[in-house]
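The residues making up each chain are set out below.
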Amino acid sequence: MNADAKKTTLRMIPYGIYILTADDGKGGIAAATVNWVTQTAFGPPLVVVAMKADSGAYQIVKGAGTFALNMLGKDQKGLAFTFFKPAVVAEGKISGQAYRIGETGAPILTDAVAAVECRVKTIIGEGDHHVVLGEVVEAHVMKPPSGRPDNAILEMKDLGDNVFYGG
Ligand SMILES: Cc1cc2nc3c(=O)[nH]c(=O)nc-3n(C[C@H](O)[C@H](O)[C@H](O)COP(=O)(O)O)c2cc1C
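Throughout what follows, the structure given in this document is the object of discussion.

Cut-off values and rules
Residues numbered from 1 in each chain as written. Predicted model: local features only at pLDDT ≥ 70, side-chain atom pairs only at ≥ 80, totals over all residues. Heavy atoms only, no water. Pairing = 2+ DSSP bridges. Helix = DSSP H or I, 4+ residues; strand = E, 2+ residues; numbered from the N terminus. Polar contact = N/O pair within 3.5 Å; in protein donor to acceptor, adjacent residues only side chain to side chain. Contact = heavy atoms within 4.5 Å. Near = heavy atom within 4 Å. Buried < 20%, exposed > 50% of the residue type's maximum accessible area, 1.4 Å probe, protein only. Core = buried A, V, L, I, M, F, W, Y, C linked by side-chain atoms within 4.5 Å. Salt bridge = Lys/Arg side-chain N within 4 Å of Asp/Glu carboxyl O.

**Some thoughts on the sheet that holds strand 8 (residues 97-101)**
Spatial strand order, 6-7-8-9: 4 strands in an open sheet with antiparallel pairing. Edge positions in the open sheet fall to strand 6 (89-90) and strand 9 (107-109), since each of these has one partner strand only. In terms of strand pairing, strand 6 meets strand 7 (residues 93-94) through 2 bridges, oriented antiparallel. Each residue of the ladder has a partner; that of A90, found in strand 7, is K93.

**Brief notes about the side chain of T33**
Structurally, T33 is set in strand 2 (residues 29-34). A polar contact is formed between the side chain of T33 and the backbone oxygen of A80, at a distance of 2.7 Å. Non-local contacts of T33, meaning those with residues more than four positions away in its chain, are made with I17, Y18, I19, L79, A80, F83 and F84.

**Quick word on the site of the ligand**
The immediate surroundings of the ligand are formed by 19 residues, with T33, N35, K52, A57 and F83 found nearest. In this structure, a nitrogen atom belonging to the ligand sits 2.8 Å away from a main-chain N or O atom of A50. Measuring from an oxygen atom of the ligand, one finds a backbone N or O atom of K52 at 2.6 Å. Elements with a minimum of two residues in the shell around the ligand: strand 2, strand 4 (46-52) and helix 2 (56-64).

**What to know about the environment of G147**
Tracing the backbone shows G147 in the segment after strand 11 (129-141). In this structure G147 comes out as partly exposed when scored by relative accessible area, which is 47%. Between the C-alpha atoms of G147 and L159, which are 12 residues apart in sequence, the distance is 22 Å.

**A look at the nonpolar core**
Formed by 24 residues in total, the largest nonpolar core has its most connected members in L20, V49, M51, F67 and L69. If you list the elements that add at least two residues to this core, you get strand 1 (18-23), strand 2, strand 4, helix 2, strand 5 (66-71), strand 10 (114-124) and strand 11. Residue contributions to this core peak at 4 residues, all from helix 2. Core analysis: the next-biggest nonpolar cluster, separate from the first, contains 15 residues, L72, A80, F83 and L154 among them.

**Description of the pairing of strand 4**
Among the 7 residues of strand 4, 6 are classified as buried, and the element is accordingly described as predominantly covered. As defined by bridge partners, strand 3 (residues 37-41) adjoins strand 4 across 4 bridges and the pair is classed as antiparallel. If you follow A41 over to strand 4, its bridge partner there is L46. Between strand 3 and strand 4, which follow one another and run antiparallel, lie 4 residues. In this sheet, strand 11 lies alongside strand 4 in antiparallel orientation, the contact comprising 7 bridges. Bridging from a neighbouring strand, V49 pairs with V132 of strand 11.

**Describing the pattern of salt bridges**
Under the counting rule described, the total for this entry stands at 5 salt bridges. Note that D158 is salt-bridged to K74, the shortest N-O span being 2.8 Å. With D158 in the segment after strand 11 and K74 in the loop between strand 5 and helix 3 (77-82), this pair connects stretches of sequence that are 84 residues apart. With a relative accessible area of 26%, D158 lands in the partly exposed category. Two residues, K121 and E135, come together in a salt bridge whose shortest N-O distance is 3.4 Å. Taken together, the residues span a long stretch of sequence, with K121 in strand 10 and E135 in strand 11 at a distance of 14 residues.

Written out as structure tokens, the structure is:
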């Protein structure tokens, strides 16, 4: 395989940017920027997220059995960069961001435009990222979009010419 062709072609896949959060109930709170996310079924509503197998966030999601995907608005590029780094919980905030506990126990970021809460159904452990399949069991819209919902959210291409996670 031509490595450059593989990289360029895989980078043609468009991605949204999300903050994945989880709380394992034992003091472990995760918040990580992720892009490898998609819906995979209507009934029940299922989503998948590919999680870095050696990340702290992945360990916490496995322990929690639940997670939330917090959607970011077009103007929230700064939040995406904040959660590329390991999350720090202090003074009731995650890396300086206010949150509340959702129905599943997963943290919901106050400033996100919307969020879904998911229960982990199964995990596919292949490669350096493992595919976590979750059933959407709760949804929250904090800032209702005025037009198409997918026009309102932050995308990988909004992060600049040199930011990729794929290839
Ligand atoms: C542009 C970009 C996209 C990312 N997408 C993902 C992703 O889809 N899945 C993932 O597990 N990590 C992804 N990461 C890495 C996580 O953001 C990073 O590992 C995490 O925030 C660090 O926290 P932790 O290792 O303590 O969990 C991405 C990083 C960048 C820079």
